[in-house]
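# Remarks on the overall topology
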Amino acid sequence: MTVARTICLGFLAVIAIGAILLMMPFSTSGGTWNDPIVALFTSTSAVCVTGLAVVDTGTEFSFWGQLVIMLLAQIGGLGYMTTTTFLILLIGRRFDLRQKVAIQQALDRPGISGSSQIIRSIIATTIIFEITGVFLLMPVFVPEYGWNQGIWLALFHSVNAWNNAGFSLFKDSLIGYQSSFLVVFTMTGLIIFGGIGYQVILDMYIWLRDRIIKKTNVLIFSLDFKVATSTTIILLLGGTIAFFCIESRNPETLGGLSFTHQILLAWFQSVTPRTAGFNTIDIGKMSNAGLFITIAMMFIGASPGGTGGGIKTTTLRVLTSCTKSILQGKEEVLLYDRKIAISLILKAVGVFVGSIITVIVSTILISLTDPKLAFIQILFEVVSAFGTVGLSTGITGSVSTAAKLILIATMYIGRVGILLLMSAMLGDPRPSRIHYPEENLLVG
């Protein structure tokens, strides 16, 4: 079995186990057997760290059901191979070359050396950030709900925010806390750091450590770090400005609020499409322009190596740099004075085209199964599923069973990645030794 197939089947196995657990009577608040479609959809949404829900998580699921959802989101955020490897390390076993190669592909790392160390670093980083999130959210939830429920709410939302899952135990997500600076900045902080990639966080930590101890050989940031951080900052600032300018005129979202709260909510709305799924405004009442900007940001998604989805920030930068090189008449693609290999350019194009095809096919299919829905609502739902975001205009629970199954497939494709899925289906690509003659072609 190929490594890609192992990863894809591993995610399917976790989804299946999660669906079975969520069907059990102990997982529902009423103590009855759950609808298989609801259980499967919820399990897929959790493992794929999406957050789309067909029922209200806080009322329809018992504590044990909510715990299962949180654990599935944790496994999905870490990744099947990361979780499996961590369990192997816990029981003291050593993993072989095949497992090291699987980790390398799952984390999209250039080599297989130091696999156990990077897994330990990922787990430690996850625990530190999630515990920090819990302690920051407790002052908001504990006074209102008491210690037991308050701690549970803080833990559930911290884990989901870090893993960019988007599940909330409140019916209106975080709309009730839209004016809480502590909740907004804690959640957005967890979302950003969870989605920016573990390697970026480790590079940042090493750089800060070297500066504090005044080490002479300070770390030189990698190209991954520069591209991920700069693109993330541009998208966040640009998104905040765009949402403020557009939705401040909308009386049902930002209109009528104070300038400070408008900026606060515009900031949150700029962060959450980066595959998080929480919302502090009613998404269904946003303007078409606001919805379309959200769709674009959901499609772009987070950064490689993080807990988010989408085509990734690095893919966007490679494609825009290709366009820049063409307009400047250059034959090389450069990023921060570094030449981008043709193999990476082809990979970026493959990811983009495959993602576009997936979104188009899913949108067409749901348009056929649910013809009464507005096109913008269908497109929004599909891109949210593919980007593993979890935002919705409010139609998730009312779509047909066929549409739910299409969304399940879309979430799965978005989580494992279009290239990895094709590799699992067709086998690992083998380089060809045959070189064909070159010929010009009219393009554009």
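Along each chain, numbering runs from 1 in the same order as the chain's sequence is written. It should be noted that, the model being predicted, local features are given only for residues of pLDDT at least 70 and side-chain atom pairs only at 80 or more, the latter also being counted only at that level, while totals for whole chains, interfaces and linings use all residues. Only hydrogens and water are removed before side-chain values are computed, so all heavy atoms of the structure are retained for them.

### Digging into helix H9 (residues 181–196)
An α-helical turn contains 3.6 residues, so a residue and the one three or four places further along point in the same direction. Strands are runs of DSSP state E lasting at least two residues, helices are runs of H or I lasting at least four, and both sets are numbered from the N terminus onward. Under the convention used throughout, the expected extent of a helix is 1.5 Å for every residue step, that is, one less than its residue count. Over its 16 residues, H9 extends 22 Å from the first C-alpha to the last, a length consistent with the 22 Å expected when each residue adds 1.5 Å. Residues of H9 that are buried include every one of Val 183, Val 184, Thr 186, Met 187, Thr 188, Leu 190, Ile 191, Ile 192, Gly 194, Gly 195 and Ile 196, and no others. A positive phi of about 110 degrees marks Gly 197, the residue just after H9. Whether a residue is buried, partly exposed or exposed follows from its accessible area with a 1.4 Å probe, protein chains only, as a fraction of its type maximum: under 20%, in between, or over 50%, in that order.

### Some words on the environment of Leu 421
Counting through the fold element by element, Leu 421 comes out in helix H18 (residues 418–426). The buried category is assigned to Leu 421, whose relative accessible area is 13%. Sequence spacing of Leu 421 and Leu 9 is 412 residues, and the spatial spacing of their C-alpha atoms is 9.9 Å. Contacts are residue-level and defined by heavy atoms, with any inter-residue pair within 4.5 Å sufficient. Apart from the residues within four sequence positions on either side, Leu 421 is in contact with Cys 8, Tyr 412, Ile 413 and Val 416.

### As for the nonpolar core
To define a nonpolar core, start from buried Ala, Val, Leu, Ile, Met, Phe, Trp, Tyr and Cys residues and group those joined through side-chain atoms within 4.5 Å. In this structure, Phe 141 and Met 187 are the most contacted members of the largest nonpolar core, which totals 107 residues. In terms of residue count, helix H7 (residues 115–145) provides more of this core than any other element does, 10 residues in total. The residues contacting Met 187, other than those within four sequence positions of it, are Leu 137, His 157, Ala 161, Leu 174, Phe 268 and Phe 278.

### Notes on the pattern of salt bridges
Any two side chains of opposite charge can pair, so long as their charged atoms come close to each other. Salt bridge, as used here: a side-chain nitrogen of Lys or Arg that lies within 4 Å of a carboxyl oxygen of Asp or Glu. In this structure the tally under the stated criterion is three salt bridges. Between Arg 209 and Asp 210 there is a salt bridge, with the nearest N and O atoms lying 3.5 Å from each other. Judged by its relative accessible area of 36%, Arg 209 is partly exposed. Put simply, Lys 285 and Asp 282 hold a salt bridge, and the shortest N to O gap is 4.0 Å.

### Some remarks on the environment of Val 271
Here Val 271 lies in helix H12 (residues 259–271). Looking at Val 271, the relative accessible area reads 1%, which means it is buried. For Val 271 and Leu 235, which are 36 residues apart along the polypeptide, the C-alpha to C-alpha distance reads 8.7 Å. Beyond its immediate chain neighbours, meaning those up to four positions away, Val 271 contacts Thr 188, Ile 191, Ile 192 and Leu 236.

All we've got here are geometric facts, nothing functional implied.
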